[in-house]
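In case you want the letters, here they are:
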Amino acid sequence: MTEIPKIVSQRLQALATLREHPDTNLLVAFTERSLGKREQVEVLQHLSQCKSCREIMSLSAIQPGIAAPVSPPASSQWLSWPVLRWGTAVACVVVVGAAVTLRHRQQSRPIAGVIAEGTPAAEIRVPAPDNATENKFASLQVPDTGPNTAVRAKEAVSRARMAPAEPAGGNQAAVSPGPVEMAEARTASSLADMVPGRAKDALAESQSAQAQPAIGASSEMKKMTAATSDAFIPETLIPRWTLSSDGTLQRSFDSGRTWQTISVTKQAIFRALSANGLDIWVGGAAGALFHSSDAGQHWAQVRPVVNGEALADDIIGVEFRDALHGKLTSSVEETWITGDAGQTWQKQ
Amino acid sequence: MPKDGVQSVVETFPGLDSFVAVAYEKSRGQVFGLTREQFDGILGEIARKYLPVDAAQSEIRELYTSLRVEELALARACALGHEHAWEVFLTRYREKLYDVAGYITKESSAARELADSIYAELYGTATRDGRRASKLASYTGRGSLEGWLRTVMAQEHINRYRRQRRLVSLDEETEEGIQFASAESEAAIAVDPRVEAAVDEVLVALPSEDRFVLASYFLDEQTLAEIARTLGVQESTIMRKLDKLAKSLRKQILASLGRRGMSRRQAQEALEVDVRDLRVNIRSRLAQETGGQAFSKKKAEAPAGDGS
């Protein structure tokens, strides 16, 4: 992400003039896109200059388990385009056909995908012939056509999602989000940053997942490939994350109704996490830092090093504002910053 | 009978009477214990709040059409103390209140405290002129009641967070006997006024949405996802916008500096080397040497929601 000169940030802050705040009703209506054009502009103008109101908007806009406001006019306008409507129908047929084919193939061979040793596939909702657990993802899975199944599956889902735009000349910018994308936006919106700022932990819901045996830790700095080559997590389902009180990482694909414990490494106690879509960073005791870019299917340990000195203190804060830029806060109040997804670090 | 409000609006625009009647029917106000008269008064209050005095009938109609009348009737009936309305409100929103509070505070006792205090304000434990003053009386139906409750809770949480930080800092510093440093005087290094003027010129000319995105990302350090959610767009849209903005800002500022008599090289240097960066680094080093860390560390360890 291109940065801006510091003088610009400072003048941006200095130019903020104190004005009367819009009332709560207008802020809500702004978020729900139910204001008239004039009021929309006025509220946006205020928000561009008022940090307090921006904080409130940010905090109140993201709530799990509560349906995020959806703008029906946008989707109905989108669906009113006959070409896009037919494109969606074609995409649905492709996805359903792929799911049926996958189910047919999987019935003839056992599923090997598990994350933790000895853990039944039900824990990660991978379809298995002897798995009585309802497979929520079955309709979204694509045939296992060989190696790189997860990559191909993701590509298939991406193609299905993009299909509505193609008949319109590939002008994706003109396409309003379809049902799949809006579902993603809703679940993505469940990845809460609860208080103002970027470094936040996701909220733990009341239901706790059963503990899973830890996966055997491989040597440091190499990818620990979970045996989930056959397990596919649809891109459309962005998980929610939380850390339990004893420092274990937990993930939910159903907006917090149920949680699975993710064993990243043996004996790791995590204290902070930062998630952006499928990307997640967790940090904890003795400088333990792990990163996954596929919603926890695969993990890589990252060792921040500056001038030959590795981070050995507890990590108590992790903030990643995008895939590349992040900072860690240690228990001795050092800040470690990276601008290249953890490949190099600077210390403050 | 209200002296002004919808009745006066209806008098001015007789056609609105049937419109308001339909709205009352749709609001189920009668079920919640709200009379037609009370409903009319509420609509009149909302029109006065959001529209100019000389608003046209079409504007009023448009405003009323956008209102969530059922939630409005429910909220206002609760504010007036109608028991059945409270039963409905609690059935729909009580659990959500606690869920939202838990999600915001991430700590169960703080969540309960927050939810309970909001609930008390909604119920109206305070009185004004002998009447119960309920926060629900300020809901106007412009957005969903659920969204309004979330926003009210977010506001309260942020206010508590800020109050607590101020209280903790003052109490702890007094106990530690730490002497407060005198206000730092501005460094002698001055920024070229042409740079400030050029930056101001460019920023003021930006559309509000662009300034909002810049401020949210670079000042508030919000994530792309958070900003996208607030504006109702895709995260990738925000990423592209930010990239484009950052590049065009630079270009425009350089052009503005050029118009102010700076050479291209001078202008680029003025933007790339900000002496305030150097000053900040020195300041932070000095702060570490004077032992300011102890308090900060304690502040970081203070449990969330601990107001004692």
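Residues numbered from 1 in each chain as written. Chains lettered and ligands numbered in written order. Predicted model: local features only at pLDDT ≥ 70, side-chain atom pairs only at ≥ 80, totals over all residues.

**Q** Give a description of the overall build of chain B that names residues and reports values.
**A** When helices and strands are tallied, chain B shows 16 helices and 2 strands. Across the 308 residues that make up chain B, the buried fraction comes to 35%. (Helix = DSSP H or I, 4+ residues; strand = E, 2+ residues; numbered from the N terminus. Buried ≥ 20, exposed ≤ 12 C-beta atoms within 10 Å, placed from the backbone.)

**Q** Outline the overall build of chain A, listing residues and values.
**A** Within chain A one finds 8 helices and 14 strands. For chain A, contacts bridging at least 24 residues in sequence account for 59% of all contacts bridging at least 6. (Contact = placed C-beta atoms within 7 Å.)

**Q** A description of the sheet that holds strand E14 (residues 346-347) of chain A should follow, citing residues and the corresponding values.
**A** Each strand in a sheet pairs with another by means of backbone hydrogen bonds, the pair being arranged parallel or else antiparallel. Residue and element names in this part refer to chain A. Read across the open sheet, the 4 strands follow the order E11-E12-E13-E14; overall the sheet is antiparallel. Two strands close off the open sheet at either side, each with one partner strand: strand E11 (315-320) and E14. As judged from the 4 bridges shared by strand E12 (residues 326-330) and strand E13 (residues 335-338), these two strands associate in the antiparallel manner. Bridge pairing links leucine 328 to tryptophan 336 in E13. (Pairing = 2+ DSSP bridges.)

**Q** Pulling in residues and values, what's your account of helix H13 (residues 235-259) of chain B?
**A** Between its first and last C-alpha, H13(B) extends 36 Å over 25 residues, near the 36 Å set by a 1.5 Å rise per residue. Every buried residue of H13(B) is accounted for by Glu235(B), Ile238(B), Lys241(B), Leu242(B), Leu249(B), Arg250(B), Ile253(B), Ser256(B) and Leu257(B). Residues of H13(B) that are buried sit in contact with helix H1 (6-14) of chain A together with helix H10 (193-204), helix H11 (208-219), helix H12 (224-231) and helix H14 (264-272) of chain B. Where H13(B) terminates, the next one or two residues include Gly261(B), which has phi positive at roughly 100°. (Expected span 1.5 Å × (residues − 1).)

**Q** Just give me the short version of the sheet that holds strand E2 (residues 240-243) of chain A, but keep the residues and values in it.
**A** All names here are of chain A. Taken in spatial order, the 3 strands line up as E2-E3-E4 in an open sheet, and their pairing is antiparallel. Each edge of the open sheet carries a strand with a single partner, namely E2 and strand E4 (260-262). When the angles between neighbouring strand axes are averaged without regard to direction, this sheet yields 35°. Inspection of the sheet shows strand E3 (residues 249-252) paired to E4 by 3 bridges, in the antiparallel sense. Bridged to glutamine 250 within E4 is threonine 261. (Axes fitted to C-alpha atoms, helices over the stretch in contact; angles between N-to-C directions.)

**Q** How would you explain the packing of H1(A) against H11(B) if you had to name every residue and give the values?
**A** Two quantities define a packed helix pair, namely the angle between the axes and the distance from one axis to the other. In the contact formed by H1(A) and H11(B), the axes pass within 10 Å of each other and the chain directions differ by 115°. Regarding the angle of H1(A) to H11(B), the classification is roughly perpendicular. When you trace H1(A) past H11(B), the crossing you get is left-handed. Here H1(A) contributes Ser9(A), Leu12(A) and Gln13(A) to the contact with H11(B), which in turn contributes Leu214(B), Ala215(B), Phe218(B) and Leu219(B). Split by residue class, the contact of H1(A) with H11(B) holds 5 nonpolar, 2 polar and no charged. (Parallel < 35°, antiparallel > 145°, perpendicular 65-115°, else oblique. Left-handed = near helix turned anticlockwise from the far one by under 90°. Nonpolar A, V, L, I, M, F, W, Y, C, P; charged D, E, K, R; others polar.)

**Q** Break down the confidence of the model for chain A for me, citing the residues and quoting the values.
**A** All names here are of chain A. Averaged over all residues, the pLDDT of chain A is 68; the fraction at 70 or higher stands at 55%. A low-confidence stretch, residues 65-77 (pLDDT under 50), is modelled with 17 contacts involving residues beyond four sequence positions or located in other chains. Segment residues 111-197: pLDDT under 50, and 177 contacts once partners within four positions in sequence are set aside and those in other chains are kept. (pLDDT = per-residue confidence, 0-100.)

**Q** Outline the confidence of the model for chain B, listing residues and values.
**A** Residue and element names in this part refer to chain B. This prediction gives chain B a mean pLDDT of 79; 73% of its residues lie at or above 70. Looking over chain B, one finds the lowest element-wise mean pLDDT in helix H16 (residues 293-301), namely 40, and the highest in helix H6 (residues 69-79), namely 95. Across residues 1-7, confidence stays below pLDDT 50; counting only partners more than four residues off in sequence or on other chains, it has 18 contacts. Under a pLDDT of 50 for its full length, residues 277-308 has, in the predicted model, 26 contacts with residues more than four places off or in other chains.

**Q** Got a sec to walk through the pairing of strand E5 (residues 270-276) of chain A? Specific residues and values, please.
**A** All names here are of chain A. Burial runs high along E5: 6 of the 7 residues are buried. Of the pairings in the sheet, the one linking E5 to strand E6 (residues 279-284) comprises 6 bridges and is antiparallel in character. Of the residues in E6, the one forming a bridge with alanine 275 is isoleucine 280. Where E5 folds back onto E6 in an antiparallel hairpin, the turn is made up of 2 residues, including glycine 277, whose phi is positive at roughly 65°.

**Q** Hey, could you go over helix H2 (residues 16-27) of chain B for me, with residue numbers and the actual values?
**A** Residues and elements named next belong to chain B. Relative to the 16 Å expected for 12 residues at 1.5 Å per residue, H2 spans 16 Å between its end C-alpha atoms, a close match to the ideal helical length. Burial in H2 covers these residues: Leu16, Val20, Ala23, Tyr24 and Ser27. Down the axis, H2 shows its buried residues gathered within 100° of arc, on one side only. Opposite its buried face, H2 presents the exposed residues Ser18, Val22 and Lys26, each directed more than 90 degrees away. Of the residues trailing H2, arginine 28 is marked for its positive phi of about 60°. (Arc of directions from axis to C-beta.)

**Q** Residues and numbers for the packing of H1(A) against H10(B), please.
**A** Close contact between H1(A) and H10(B) brings their axes to 10 Å; oriented N to C, the two are set at 65°. Between H1(A) and H10(B) lies a crossing of right-handed hand. In this structure, H1(A) uses Ile7(A), Val8(A), Arg11(A) and Leu12(A) to contact H10(B), whose residues at the interface are Val195(B), Glu196(B), Val199(B), Asp200(B) and Leu203(B). Taken together, the residues of the contact of H1(A) with H10(B) sort by class into 6 nonpolar, no polar and 3 charged.

**Q** If you had to explain the pairing of E11(A) to someone new, which residues and values would you point to?
**A** All names here are of chain A. With 5 of 6 residues buried, E11 lies mostly within the body of the structure. As judged from the 5 bridges shared by E11 and E12, these two strands associate in the antiparallel manner. Residue isoleucine 315 lies in a different strand from E12, and its bridge partner there is serine 330. With antiparallel pairing between neighbouring strands as the criterion, E11 and E12 make up a hairpin whose turn holds 5 residues.

**Q** Residue-level account of the environment of Arg265(B), with values.
**A** Residue and element names in this part refer to chain B. Following the sequence through the fold, arginine 265 ends up in helix H14. For arginine 265, a count of 8 C-beta atoms within 10 Å puts it in the exposed group. In this structure the C-alpha to C-alpha distance between arginine 265 and leucine 254, which are 11 residues apart in sequence, comes to 9.5 Å.

**Q** Talk me through unusual backbone geometry; I want residue IDs and the actual numbers.
**A** All names here are of chain A. With phi around 55°, alanine 286 is a residue other than glycine that occupies positive phi space. With respect to the element layout, alanine 286 can be found in the loop between E6 and strand E7 (289-292). Residue alanine 286 is classed as exposed on the basis of its 11 C-beta neighbours within 10 Å. Of note in the backbone geometry, alanine 295 takes a positive phi value of approximately 60° without being a glycine.

**Q** Before we move on, can you summarise the environment of Leu114(B) with the specific residues and values?
**A** All names here are of chain B. Within the fold, leucine 114 resides in helix H8 (residues 108-123). The sequence separation of leucine 114 and histidine 157 amounts to 43 residues, and the corresponding C-alpha distance is 7.2 Å. Ignoring anything within four residues of it in the chain, the contact list for leucine 114 reads Ala101, Ile104, Thr105, Met153, Glu156 and His157.

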